[in-house]
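Residue-level listing of the chains:
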Amino acid sequence: LRDFEAFLDRSYIIENYLQYNRILYQKKIMPNKHLADLKPGQFATILAIDIDAQMQHRFCALGFRCGQKIHLLRKGKWLQGPLHVRVGMTEVMLRHRDARYIAITAIGESL
Amino acid sequence: MKQIAVLGMPNTGKSTFFNRFTGSHAHIGNWPGITVDLMMAEVKLGDELVEVIDLPGIYDLRGFSEDEAVVRCFLEKTPLNLILVILNTAQIDRQMILPLQIKQLGLPTVLLLNMADEASRFGVKIKPDLLAERLGMPVLPISAKYGMGYETAIVTITRSLQQQSVAVQVEGMEARLLNDQQLMNDQEAVFDGTVQMPSQLVDRLTNGLDQILLHPLLGLPIFFGAMYLIFQAIYAIGTPLQKLFGNGLDWLKTIALEPLLAPLPTFIKGFLIDGLYVGIGTVAAFLPIIFLFFFCMAIVEDSGYLSRAAFLMDALMERLGLDGRSFVMSLMGFGCNVPAILGTRVMRSQGLRMLSMLIIPFSLCSARLNVFLFMSTALFTPEHSPKVIFSLYLFSFIAALVTAAIFKGKFPSQEPLVLELPPYRFPTIKQILVRAWCEVKHFWIWSRKFIIFGVVAIWLLNNLPTNVPTASPQTLSGMIGQTLQPLLAPLGINPQLTVALFFGFIAKEIVLGGLAVIYGQADSGNLAGAIAQQIDWVQGYSFMLFTLLYVPCLSTIAVIKNESKSIKFALLSVFWSLSLAWLTSFIFYQGARFLGY
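Residues numbered from 1 in each chain as written. Chains lettered and ligands numbered in written order. Predicted model: local features only at pLDDT ≥ 70, side-chain atom pairs only at ≥ 80, totals over all residues. Heavy atoms only, no water.

This part takes up the overall build of chain A. Along chain A, the regular secondary structure elements total 3 helices and 5 strands. Moving toward the C terminus, one meets the helices and strands of chain A in the order α-β-α-β-β-β-α-β. Looking at chain A residue by residue over its 111 residues, the buried ones come to 46%. For chain A, contacts bridging at least 24 residues in sequence account for 61% of all contacts bridging at least 6. With the model as given, the accessible surface of chain A reaches about 5,700 Å², and the carbon-plus-sulfur share is 55%. (Helix = DSSP H or I, 4+ residues; strand = E, 2+ residues; numbered from the N terminus. Buried < 20%, exposed > 50% of the residue type's maximum accessible area, 1.4 Å probe, protein only. Contact = heavy atoms within 4.5 Å. Areas by Shrake-Rupley, 256 points an atom, 1.4 Å probe, with all protein chains shown as cover.)

Shown next as structure tokens:
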């Protein structure tokens with residue numbers, strides 16, 4: 001039971017932290033960082049997905065969720081090619097310009 | 001009859017399971033109110049015959065894609081006795097929403113955790129019994145590819161089906177589906193103590209291979225090199241097989257067919273042997289090559305390399321107003337354009353779909369490959385003919401690129417692209433053979449009726465009226481050829497070839513069968529000789545260019561019209577491909593003649 005309480009506590013803190021950062025992000029107090037700012041090999045945590053409801057479904061179905069750790073594996077060098085990322089157990093490619101819709105925490109931060 | 005539907009996200013091995021479950025006897029079924037084709041099959045479970053329907057792969061029942069709408073429509077209109085939900089065990093953390101949604105709808109469900117072997121390799125630990133208890137539905141780990149856990153799953157499915165004598169139909173679906181928060185809460189409650197995930201995916205094989213295959217500099221050369229090797233291999237192995245097969249058909253004709261039909265009147269005998277048998281036989285002889293083609297494509301697709309091709313090509317495609325998926329669909333179009341055009345359904349933006357549908361018909365499909373293999377063998381030396389074929393593949397690419405560049409302004413798209421890159425997998429030999437076999441069977445059944453119709457029509461046109469010499473300018477076909485000459489003579493295409501092209505409008509399979517009938521020669525060696533006597537290589541290549549670029553077949557046009565829901569767009573596709581074909585052939589032919597060839 002104590003484990004469960006600890007778990008609840010932890011998820012509560014994480015949610016608050018994300019909420020706080022999201023507000024900073026929306027008010028543009030914090031410098032906006034998004035997925036495309038990562039360099040290959042770096043990781044961060046997803047803060048918000050700023051896209052219409054339709055695409056949000058698709059991103060969500062592929063494992064993009066707020067609070068989820070995201071890893072940039074490689075970027076297509078040629079003509080600013082797509083990004084190859086890993087979220088959870090799934091590897092996904094997405095375009096440079098679409099990566100801007102995904103706001104992230106500071107680089108190297110995991111929750 | 002009781003009905004079972006199979007549902008799952010894309011890339012979960014759903015079709016592998018469906019093929020194993022139905023023994024690949026599936027056929028296309030029609031459903032009231034549903035515009036797309038669904039595969040279905042009858043399967044014997046226990047002592048009753050059951051109908052199994054394969055639903056399109058979807059991510060979310062609340063989704064907005066066409067496939068998601070199809071599944072919603074299907075569930076609301078069709079009473080089901082059981083629904084099988086399939087998911088990729090390694091990705092259960094994000095795929096659980098589908099079974100949770102189905103559970104909410106109150107459908108009797110069996111959950112299959114596919115690729116269980118891969119999941120345990122990646123360190124995913126699941127307690128299926130506890131999970132089943134929480135979900136209130138049987139949960140079975142299986143491997144559809146290797147058959148592990150499959151027998152147990154079938155026993156459970158049979159038992160669940162026996163208990164479910166009443167079919168359930170979903171009503172008021174929209175209202176009953178949960179929102180994201182509720183789903184997350186449900187999932188957490190279900191997963192607690194039953195599912196243990198590693199913090200992230202670690203797959204050495206995939207990481208290592210991607211280092212090489214997605215290398216910033218080497219990636220593309222490796223990809224095109226691999227494609228070149230595949231086509232060379234198909235040619236090298238396929239051509240002798242095709243000769244052997246052709247000789248066999250010939251031998252059968254001389255030894256059995258001719259003596260057997262000898263008593264019949266000349267007109268009917270000619271119709272049966274020189275018309276039907278030779279026409280169909282010439283095309284049938286190419287089946288081994290088509291089999292090899294699909295065999296190779298199945299390996300490329302099932303290993304996971306095809307989605308890497310999308311990654312490699314996306315940057316260029318983006319500049320052309322397309323995306324990596326359009327490229328993959330064009331590649332699939334090298335087998336057959338029709339399924340490739342259906343495949344564009346995964347795109348949400350209408351502009352992107354239209355542009356992709358406009359370029360796919362330029363993919364050199366297997367029906368056209370037959371014609372080119374034949375013509376290049378007839379008109380070029382054995383050293384040159386593989387290069388001729390490869391140059392046609394290049395032309396096919398260039399035509400697609402040029403088309404996209406010209407029309408991208410007319411069909412704009414802002415659709416974001418997110419594509420899964422699945423881990424590399426080794427396809428099993430059996431899986432590949434079954435797929436290639438099904439594709440060939442499909443090709444044969446599909447094209448047979450066109451070939452028979454075309455061959456019969458050409459033979460009749462060549463022999464009517466009966467009082468003039470066969471295939472002379474006085475016959476019906478001679479008249480068609482003469483009428484169209486002003487248009488095609490500048491391309492170096494003679495009246496005989498014109499007739500073949502005319503019928504090739506229906507399907508490219510007819511072109512070769514038609515040539516066989518027009519030149520009225522018994523075996524394919526002689527036919528090649530007859531053609532080589534009449535035309536030189538410049539005319540031949542011009543003919544091949546025209547065949548490559550003009551309308552692929554009536555079926556493709558029909559599919560384009562259906563999918564775009566616009567006759568205007570289908571006409572644009574026809575008109576554009578005809579103009580491009582004429583222009584290319586004209587420039588090539590006149591240019592070559594000008595240079596003195």
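Let us now look at the sheet that holds strand β10 (residues 418–420) of chain B. Pairing is antiparallel in the open sheet, where 6 strands are placed in the order β5(A)-β1(A)-β2(A)-β3(A)-β4(A)-β10(B). Looking at which strands have only one partner, the edges of the open sheet turn out to be β5 (102–104) of chain A together with β10 of chain B. Taken pair by pair, the neighbouring strands of this sheet meet at an average axis angle of 40 degrees, ignoring direction. As defined by bridge partners, strand β3 (residues 83–87) of chain A adjoins strand β4 (residues 90–94) of chain A across 5 bridges and the pair is classed as antiparallel. Counted as the bridge partner of Val85(A) is Val92(A) from β4(A). The strands touched by helix α2 (residues 53–61) of chain A are β1 (43–49), β4 and β5 of chain A together with β10 of chain B; relative to β10(B), the strand with the most contacts, the crossing angle is about 20 degrees. Docked against the sheet, helix α10 (residues 204–213) of chain B engages β2 (69–75), β3 and β4 of chain A, running at close to 25 degrees with respect to β4(A). (Pairing = 2+ DSSP bridges. Axes fitted to C-alpha atoms, helices over the stretch in contact; angles between N-to-C directions.)

Time to look at the packing of helix α19 (residues 385–407) of chain B against helix α27 (residues 567–594) of chain B. In helix packing, the relevant descriptors are the interaxial angle and the interaxial distance, both defined with respect to the helix axes. Residue and element names in this part refer to chain B. Close contact between α19 and α27 brings their axes to 12 Å; oriented N to C, the two are set at 125 degrees. Our classification of the angle between α19 and α27 gives oblique. Remark: the crossing between α19 and α27 carries right-handed chirality. On α27, the residues that touch Phe395, Ala399, Thr403, Ile406 and Phe407 of α19 are Leu572, Trp576, Leu580 and Thr584. (Parallel < 35°, antiparallel > 145°, perpendicular 65-115°, else oblique. Left-handed = near helix turned anticlockwise from the far one by under 90°.)

What follows deals with unusual backbone geometry. One non-glycine residue with positive phi stands out, namely Gln80(A), at about 55 degrees. Gln80(A) gets classed as partly exposed once you look at its relative accessible area, which sits at 46%. Within the chain, Lys565(B) stands out as a residue other than glycine whose phi angle is a positive 50 degrees. Mapping Lys565(B) onto the fold places it in the loop between α26 (554–564) and α27.

Now for the confidence of the model for chain B. Of the residues in chain B, 97% have a pLDDT of 70 or more, and the chain-wide mean is 86. Reported for the predicted complex are a pTM of 0.81 and an ipTM of 0.81. (pLDDT = per-residue confidence, 0-100.)

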